[in-house]
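# Descriptive analysis of the structure
Given next are the chains, with one letter for each unit.
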Amino acid sequence: MRGDPLLIGDAIAVSHATYNKIRQGLFWAFIYNVVGLPLAAFGLLSPVIAGAAMALSSVSVVTNALLLRRWRPTVSGNSERRLARPPRIRRLHRRPQAEGS
């Protein structure tokens, strides 16, 4: 990010995207463990398949995180359309509308 205060909305948008990717990675790691640990504990999962599942888990988390490289800031620096709830600071920079329009 640059030192432009108008890009605060984009900084917040990329932080939300990063946070969501972290949550997705934790979710998939949890799913792999919930499925894999009981199967391995009862001897129903061979070590080869367990190793492959662990490698697949790592690859899927890294691939999902690499999708953040596709994130681009908005052209005008106004990222309100990216956020479910725009930050209050962005509302301070709106121009007042003319009376009677």
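Look up: the structure comes first, before these words.
Residues numbered from 1 in each chain as written. Predicted model: local features only at pLDDT ≥ 70, side-chain atom pairs only at ≥ 80, totals over all residues. Heavy atoms only, no water.

### Looking at the packing of aromatic side chains
- Across all of its chains, the model carries one aromatic pair by this definition.
- Taking 5.1 Å as the distance between ring centres and 75° as the angle between the ring planes, the aromatic pair formed by Phe27 and Trp28 counts as edge-to-face. (Phe/Tyr/Trp six-rings, centres within 6.5 Å; stacked < 30°, edge-to-face > 60°.)

### Some words on helix H1 (residues 8–41)
- End to end, H1 covers 49 Å across 34 residues, agreeing with the expected 50 Å (1.5 Å per residue, within 8%).
- Every buried residue belonging to H1 is among Gly9, Asp10, Ala13, Lys21, Gly25 and Gly36, and all of these are buried.
- Gly43 sits one or two positions beyond H1 and adopts a positive phi of about 75°. (Helix = DSSP H or I, 4+ residues; strand = E, 2+ residues; numbered from the N terminus. Expected span 1.5 Å × (residues − 1). Buried < 20%, exposed > 50% of the residue type's maximum accessible area, 1.4 Å probe, protein only.)

### So, the side chain of Asn64
- If you trace the backbone, Asn64 turns up in helix H2 (residues 47–66).
- Once you skip the residues sitting within four places of it in the chain, Asn64 turns out to touch Lys21, Gln24 and Gly25. (Contact = heavy atoms within 4.5 Å.)

### Concerning a nonpolar patch on the surface
- Taken together, the side chains of Phe27, Trp28, Phe30, Ile31, Val34, Val35, Leu39, Phe42 and Leu44 define a hydrophobic patch exposed on the protein surface, amounting to about 930 Å² of accessible area.
- Considering the arrangement of structural elements, one finds Val34 in helix H1.
- When its relative accessible area of 43% is taken as the criterion, Val34 is described as partly exposed. (Patch = residues over 30% accessible without salt bridge, like charges linked within 9 Å, V, L, I, M, F, W, Y side chains within 5 Å. Areas by Shrake-Rupley, 256 points an atom, 1.4 Å probe, with all protein chains shown as cover. Salt bridge = Lys/Arg side-chain N within 4 Å of Asp/Glu carboxyl O.)

### Structural notes on the packing of H1 against H2
- Interaxial distance between H1 and H2 falls to 9 Å at its minimum, and their mutual angle equals 170°. It follows from the interaxial angle that H1 and H2 lie roughly antiparallel. Where H1 approaches H2, its residues Lys21, Gln24, Gly25 and Tyr32 are matched on the opposing element by Ala53, Leu56, Ser57, Ser60, Val61 and Asn64.
- Classifying every residue of the contact of H1 with H2 gives four nonpolar, five polar and one charged. (Axes fitted to C-alpha atoms, helices over the stretch in contact; angles between N-to-C directions. Parallel < 35°, antiparallel > 145°, perpendicular 65-115°, else oblique. Nonpolar A, V, L, I, M, F, W, Y, C, P; charged D, E, K, R; others polar.)

### Some details on the environment of Leu26
- On the secondary structure map, Leu26 appears in helix H1.
- Since its relative accessible area comes to 59%, Leu26 is described here as exposed.
- The spacing of Leu26 and Val61 is 35 residues in sequence and 8.5 Å in space, taken between C-alpha atoms.

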